[in-house]
Amino acid sequence: MAKLEWHQAVKVMLKNVVKVSTLGNGYGSGVIVPTPRNAPGNCCVLTAYHVIQKAEETGATIEIELAESQEKILLPSLARTIFTAKDRDQALVLFNAAIDLGDVSKFKLLSVNRHYVPGVEFGWLGYPVLEIAKNTPCFLHGRVSAYLDDVEAYLVDGFSIHGVSGGPVFCCEENGDLVLAGIVTNYFPNQITIPNSGTQSWPGLAMFRTINPLMKLYAQENKVKPQQLPPITATSYK
């Protein structure tokens, strides 16, 4: 199978991209991923922890908006389970939907023992906090600058602006596989102090956390203390 072109990969991933809002506290991005074994609910959204932090702390309603259909799903505190890896700025939001959402059969998760090396090209999708594009998922791409083994994260020569946090980071492999490598978590601008002008920010590096440690941790915790969801189905609307 031939390697996918970026426009082909984007078409596949958009079926799984979501906008994640904590009502009254801004928004970020996320991606529908396979539900971990023995997990509650039939839908699992992976996002950055800081995107849903207020919702976890206060019980505020989370709104999930599907990129393709623009259908919106409301998740009050009793209609969801949130599993977090705060030190990695990652979270899984699990809930029951009336139908299966997304199409997770079209991409693969990077295996726990693999990582990409410098020079490999990544693409990522998310909803930037720009008035002209706040309701439109945008595609960006760049190459791996370094893999940080101690924190299991990539530094990438690309941009991550507010709103894109939590969006999927993916790779088109030579064998034709489309692989979800991680999610957008941080951006580190190059801060330069200029005499008499103060500090200015120049292009820097984005940091993308790999997803597998979170999925692995969830599976371990689930064996000890299975997560439970009450029999409440998410409310959806357009």
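Please refer to the structure placed before this passage.
Residues numbered from 1 in each chain as written. Predicted model: local features only at pLDDT ≥ 70, side-chain atom pairs only at ≥ 80, totals over all residues. Heavy atoms only, no water.

Participant: I keep staring at the overall build of the chain and nothing clicks. Help me out?
Facilitator: Within the chain, the regular secondary structure consists of three helices and 15 strands. In the chain, which comprises 238 residues, the proportion classed as buried is 47%. In the chain, the proportion of contacts linking residues at least 24 apart, taken out of those at least 6 apart, comes to 67%. Only carbon and sulfur atoms are counted for the fraction: they give 53% of the accessible area of the chain, which is about 11700 Å². (Helix = DSSP H or I, 4+ residues; strand = E, 2+ residues; numbered from the N terminus. Buried < 20%, exposed > 50% of the residue type's maximum accessible area, 1.4 Å probe, protein only. Contact = heavy atoms within 4.5 Å. Areas by Shrake-Rupley, 256 points an atom, 1.4 Å probe, with all protein chains shown as cover.)

Participant: Would you take a moment to explain the pattern of salt bridges for this structure?
Facilitator: Once the charged atoms of two side chains with opposite charge are near each other, the side chains can pair. Overall, the coordinates contain six salt bridges when judged by the stated rule. In this structure, Glu68 and Lys15 form a salt bridge, with 3.8 Å as the shortest nitrogen-oxygen distance. Here Glu68 is found in the loop between β4 (62-66) and β5 (72-75), whereas its partner Lys15 is found in the loop between α1 (6-13) and β1 (17-22), with 53 residues between them in sequence. (Salt bridge = Lys/Arg side-chain N within 4 Å of Asp/Glu carboxyl O.)

Participant: Even after reading the chapter, I still don't get the packing of aromatic side chains, so can you show me in this structure?
Facilitator: Ring pairs (aromatic) are described by centroid distance and by the angle formed between their planes. Considering all chains together, one arrives at seven aromatic pairs under this definition. Residues Phe122 and Tyr154 carry aromatic rings whose centres are separated by 5.0 Å and whose planes lie at 90° to one another, so their mutual orientation is edge-to-face. Of this pair, Phe122 sits in strand β9 (residues 121-126) while Tyr154 sits in strand β11 (residues 153-156); the two residues are 32 residues apart in sequence, bridging distant segments of the chain. Residues Phe122 and Tyr154 agree in their burial class; the two are buried. Three or more aromatic residues joined by ring pairs make a cluster, and in this case those are Tyr116, Phe122, Tyr147 and Tyr154. (Phe/Tyr/Trp six-rings, centres within 6.5 Å; stacked < 30°, edge-to-face > 60°.)

Participant: Even after reading the chapter, I still don't get the pairing of strand β3 (residues 43-47), so can you show me in this structure?
Facilitator: Across a regular strand the side chains alternate sides, sitting on one face of the sheet and then on the other. Counting buried positions along β3 gives five out of five residues, so the element sits mostly inside the fold. Where burial is concerned, the two faces of β3 agree: the one with Cys43, Val45 and Thr47 and the one with Cys44 and Leu46 are both buried. Alignment of strand β2 (residues 27-33) against β3, held across four bridges, turns out to be antiparallel. When the sheet's bridge partners are listed, Val33 is paired in β3 with Cys44. Two strands pair when backbone bridges link them, and β3 and strand β7 (residues 90-95) are joined in this way by five bridges, in the antiparallel orientation. Bridge pairing in β7 links Val45 to Val93. (Pairing = 2+ DSSP bridges.)

Participant: How should I be thinking about α1 in this particular structure?
Facilitator: For an α-helix, 3.6 residues make a turn, and residues three or four places apart therefore share a direction. Taken together, the buried positions of α1 are occupied by Ala9, Val10, Val12 and Met13. Along the long axis of α1, the arc covered by the buried residues comes to 160°, so they all point the same way. Residues His7 and Lys11 are exposed on α1 and point more than 90 degrees away from its buried face. (Arc of directions from axis to C-beta.)

Participant: Hey, could you run me through helix α2 (residues 49-58) in this one?
Facilitator: Residues of α2 that are buried: Tyr49, Val51, Ile52 and Ala55. All buried residues of α2 lie within an arc of 130° about the axis, which places them on one face of the element. Turning to α2, the residues buried within the fold contact β1, β2, β3, β4, β6 (81-85) and β7. Two residues or fewer past α2, Gly59 is found with a positive phi of approximately 80°.

Participant: Could you clarify how one ought to interpret the nonpolar core in this entry?
Facilitator: Most often, soluble globular proteins keep nonpolar side chains buried together rather than apart. Core analysis: the largest hydrophobic core is formed by 23 residues, its most contacted members being Met13 and Leu178. Listed by contribution, the elements that provide at least two residues to this core are α1, β2, β3, β7, β12 (168-172) and β13 (178-194). At four residues, the largest contribution of residues to this core is made by α1. Excluding anything up to four places from it in sequence, Leu178 contacts Leu4, Ala9, Val12, Met13, Lys106, Phe107, Lys108, Phe170, Cys171 and Cys172. Formed by 21 residues, the second largest nonpolar core is a distinct cluster that contains Tyr49, Ile64, Leu66 and Ala91. (Core = buried A, V, L, I, M, F, W, Y, C linked by side-chain atoms within 4.5 Å.)

Participant: How do you make sense of the environment of Ile32 when you look at a structure like this?
Facilitator: Residue position: Ile32 is located in strand β2. In the structure, Ile32 is positioned 16 residues away from Asn16 in sequence and 5.0 Å away in space, judged by C-alpha atoms. Beyond its immediate chain neighbours, meaning those up to four positions away, Ile32 contacts Asn16, Val18, Cys43, Cys44, Val45, Leu66, Leu101, Gly102, Val104 and Phe107.

Participant: Help me understand the environment of Gly30 in this model?
Facilitator: Residue placement: Gly30 occurs in strand β2. The exposure class assigned to Gly30 is buried, which follows from its relative accessible area of 0%. Placed 135 residues apart in sequence, Gly30 and Ser165 show a C-alpha to C-alpha distance of 7.7 Å. Once residues within four sequence positions are removed from consideration, Gly30 is found in contact with Asn16, Val17, Val18, Val20, Val45, Leu46, Thr47, Gly166, Gly167 and Pro168.

By themselves, these observations are geometric and do not establish any function.
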